[in-house]
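Breakdown of the fold
Here are the chains, one letter per residue:
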Amino acid sequence: MGDEERKVPIIAARERGPGPGRYGLPAATGYAEHDPRKKRAPAFSFGARLENSMFKKDCSPGPGYFIDSTVTRIGRDGTPSYSILGRQQDPNLVQTPAPGAYSPEKVHPQGERHAPAYSMAMRTRYRKRDSTPAPNVYTIPSFLGSKVPTRMNSASFSMTGRSKTGGFSEDLARAPGPGAYNHIRPDITKRKAAGYSMLGRSYMPGDSTMKPGPGAYSPENVLVNKRRLPSYSLGIRHSEYITPLIVEVE
């Protein structure tokens, strides 16, 4: 019993065959896979392109071959031909300036006096034997402050930080101040007054359940006591395996 396969009953509703659109009839057009029950017309096609290996031995030029017009059956034509070359460079190396290269307006008139003109030359290169220092090497002492050796100086004052030793705030006795002692409550040495405190708010015991208010009801939606038309609804979809109900009619 253990080796035998468990047989499951076959349900007819599960065994479904393909629909009408599942089957495909053979085509009635074209040449391939034509319907054999119908007449087929002749079909023609273009031939395939041949491979290039069949034309390797044929090396002659095609109709577009260009023939030079200067070549004849007895040789090349001997008519002289001319061409235009570029302009050669001037072999003369001496270049004479043109009239526009001169600027006579910049030349002072001859025989007239004019003021002297000066220009500033570039800085000469430093030489090793020039050991004299330049004017900007010297430093003139300042005339402000108390460190001028050749001048009479006025009194100078400065503000320093406060010293802890020898100052007016120095505590030589090292005694504690008034704020160092803890104060004594007056209730210890004198008659104690009445004391009051504020407690939290207390609530009266009662029912804490939530009650609906007047706005929670919808009397306009109650139709039990009113006349109304019949209403219909769609039923649920039943299983396809349920046996339909058959009632005997006498």
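Just so it is clear, the model here is predicted, and its values are computed rather than measured. (Residues numbered from 1 in each chain as written. Predicted model: local features only at pLDDT ≥ 70, side-chain atom pairs only at ≥ 80, totals over all residues. Heavy atoms only, no water.)

What follows concerns the overall build of the protein. Summing up its helical and strand segments, the protein has one helix and two strands in all. Residues classed as buried in the protein amount to 1% of the 250 residues present. Roughly 29500 Å² of accessible area belongs to the protein as shown, and the carbon and sulfur atoms make up 57% of that amount. (Helix = DSSP H or I, 4+ residues; strand = E, 2+ residues; numbered from the N terminus. Buried < 20%, exposed > 50% of the residue type's maximum accessible area, 1.4 Å probe, protein only. Areas by Shrake-Rupley, 256 points an atom, 1.4 Å probe, with all protein chains shown as cover.)

Our focus in this paragraph is the packing of aromatic side chains. Throughout the structure, instances matching the rule amount to zero aromatic pairs. Above the face of the Tyr 31 ring, Arg 40 is positioned so that its terminal group lies 4.3 Å from the ring centre. (Phe/Tyr/Trp six-rings, centres within 6.5 Å; stacked < 30°, edge-to-face > 60°. Lys NZ or Arg CZ within 6 Å of the ring centre and 35° of its normal.)

With that settled, the discussion passes to the side chain of His 34. Secondary-structure assignment places His 34 in the segment before strand 1 (71–72). We classify His 34 as buried; its relative accessible area is 11%. The contact partners of His 34, leaving out residues within four places of it in the chain, are Ala 27, Ala 28, Thr 29, Lys 39 and Arg 40. (Contact = heavy atoms within 4.5 Å.)

Attention now goes to the pattern of salt bridges. Counting across every chain of the model gives three salt bridges. Between Arg 185 and Asp 187 there is a salt bridge whose closest N-O contact spans 3.4 Å. Arg 185 gets classed as exposed once you look at its relative accessible area, which sits at 52%. Between Asp 207 and Lys 211 there is a salt bridge, and its shortest N-O distance comes to 2.5 Å. (Salt bridge = Lys/Arg side-chain N within 4 Å of Asp/Glu carboxyl O.)

All right, on to unusual backbone geometry then. For Glu 33, which is not a glycine, the phi torsion comes out positive at approximately 55 degrees. Examined against the element boundaries, Glu 33 turns out to sit in the segment before strand 1.

Looking at the element boundaries, Asp 35 is found in the segment before strand 1. For Asp 35, a relative accessible area of 4% corresponds to the buried category. Asp 35 has contacts with Pro 26 and Ala 27, leaving out every residue within four places of it along the chain.

The next point concerns the environment of Gly 145. Tracing the chain through its elements places Gly 145 in the loop between strand 2 (75–76) and helix 1 (186–189). For Gly 145, a relative accessible area of 54% gives the class exposed. The spatial distance from the C-alpha of Gly 145 to the C-alpha of Ser 156 is 7.5 Å, given a sequence separation of 11 residues.

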